[in-house]
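Analysis of the macromolecular model
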Amino acid sequence: MPLPGPSLFCWYGPLPPGNGRRPESDMLFETLASSGHEQVVFCHNPDAGLKAIIAIHNTVLGPALGGVRMRPYANEADALHDVLRLSRTMTYKNALAGLNVGGGKAVILGDPRSDKTEQLLRAFGRAVDALGGRYITAEDVGTDVNDMELVYLETEYVTGVHQVHGGSGDPAPFTAYGTLQALTASLARKLGHEDVSKTRIAVQGLGHIGMELVKLLRERGARLFVTDLDPAKVERAVSEFGAEAVGTEEIYDLPVDVLAPCAMEGAIGMDTVDRLKARIICGSANNQLANHAVGDELHRRGILFAPDYAVNAGGVMNVSLEIDGYNRERAMRLIRNIYYTLGRIYDLSEREDISPQHAADRMAEARLESIGRLKLPMGRAKPRMGHLRGER
């Protein structure tokens, strides 16, 4: 039996907040009206068990590119908050990275360990396809390259698929490599050298990207301290890469050169700033700071913070090249530009005496504004996907 088509409710912003509905609806539309998003799509397919939200924040630079995250959200409001925040970050990340794609994100409500099925992922693929190329998906937390293969059965608007289909595969090694470029630039700026072998680095979180980063740092001779909620991952880092295990809270108190947050969001808050002895914060996690005020306080204290969406752009840089035809050498060359992007961020930060986070935001916004003068956000015109699967 063929899969039923997805049920889609689309919101195109902005909308007026007063709509005569019950208060919960008023709050929802007020949130959407103030978020700056172009389109938010609620996807529901009960036969497939799919509940998903696709958020397209900005398409001034091109189709919205961003991964799909699968998490057991406590409620729909939490999922909506997450996808709106993450899609906005993707706009800034892609703009700062110099990519010709906009910002978008998707979330699937469910536990990836128990709720993920072929039917669900293919139903999600149909929802993506229904947008006609305005949103291009990829893997994220809770999804992987095998999931993207199933999404690909229903839509061409997916990246990070296997190499046999003209894709680039798992983006995690590229994200880790980009993080290394940012870390090297940060060492040069703060410590006056780029020699990783002379540094003590604490890695918080040993997921796919965190473990890849540990591998790269160990190959370059860094002394490593690691922590994770999963003891098996910690044991692997200790046995395979010679890292030293520390507690999940102890990681903040270590006298290291670099703290590399590579776990989930919000790792650095005002309550942890007083404990930090690291001179640099540079990791692959998204939204590492609880808020911009934390970044301002780090800047005031002389702790160099590498803006996370600049640091972790290697993965999206890599998959973005699939749109026109993937080439690994070109991808690695593009990712090495993260080193120079961080240098420009730090230059602006020092010149204007603002935090690196504010400097990165200014740079991304400047590009969006300058290109925005040339063209409007994209309509339903399809992106150039002809070379995506090796077609000519």
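Residues numbered from 1 in each chain as written. Predicted model: local features only at pLDDT ≥ 70, side-chain atom pairs only at ≥ 80, totals over all residues. Heavy atoms only, no water.

Moving on, we come to the environment of L289. Residue position: L289 is located in the loop between strand 12 (280-281) and helix 9 (292-301). For L289, a relative accessible area of 12% gives the class buried. Taking the C-alpha atoms as reference, L289 lies 9.3 Å from P307; in sequence the two are 18 residues apart. Beyond its immediate sequence surroundings of up to four residues, L289 is in contact with I268, V294, G295, L298, F305 and D308. (Helix = DSSP H or I, 4+ residues; strand = E, 2+ residues; numbered from the N terminus. Buried < 20%, exposed > 50% of the residue type's maximum accessible area, 1.4 Å probe, protein only. Contact = heavy atoms within 4.5 Å.)

For the structure on display, the rule yields two aromatic pairs. When the centroid spacing of 6.1 Å and the interplanar angle of 70° are considered together, the rings of Y92 and Y309 count as edge-to-face. Linking Y92 in helix 2 (residues 76-96) with Y309 in helix 10 (residues 308-311), this pair joins segments that are 217 residues apart in sequence. In terms of burial, Y92 and Y309 fall into one category: buried. Between Y339 and Y340, the ring centres sit 5.1 Å apart and the planes meet at 75°, which makes this aromatic pair edge-to-face. Residue Y339 is classed as partly exposed on the basis of its relative accessible area of 23%. (Phe/Tyr/Trp six-rings, centres within 6.5 Å; stacked < 30°, edge-to-face > 60°.)

What follows covers the pattern of salt bridges. For the structure on display, the rule yields 25 salt bridges. Of the charged contacts, one joins D82 and R69 as a salt bridge, the two residues approaching to 3.9 Å between their closest N and O atoms. Of this pair, D82 sits in helix 2 while R69 sits in strand 5 (residues 68-71), placing them 13 residues apart in sequence. R69 shares its class with D82; the two are buried. Two residues, R85 and E265, come together in a salt bridge whose shortest N-O distance is 4.0 Å. Of the two residues, R85 is situated in helix 2 and E265 in the loop between strand 11 (258-261) and helix 8 (270-273); the sequence distance between them amounts to 180 residues. A residue is classified by how much of its surface remains accessible, and E265, at 22% relative accessible area, is partly exposed. Connected through shared salt-bridge partners, R69, R71, D82, R85, K105, D140 and E265 make up one network. (Salt bridge = Lys/Arg side-chain N within 4 Å of Asp/Glu carboxyl O.)

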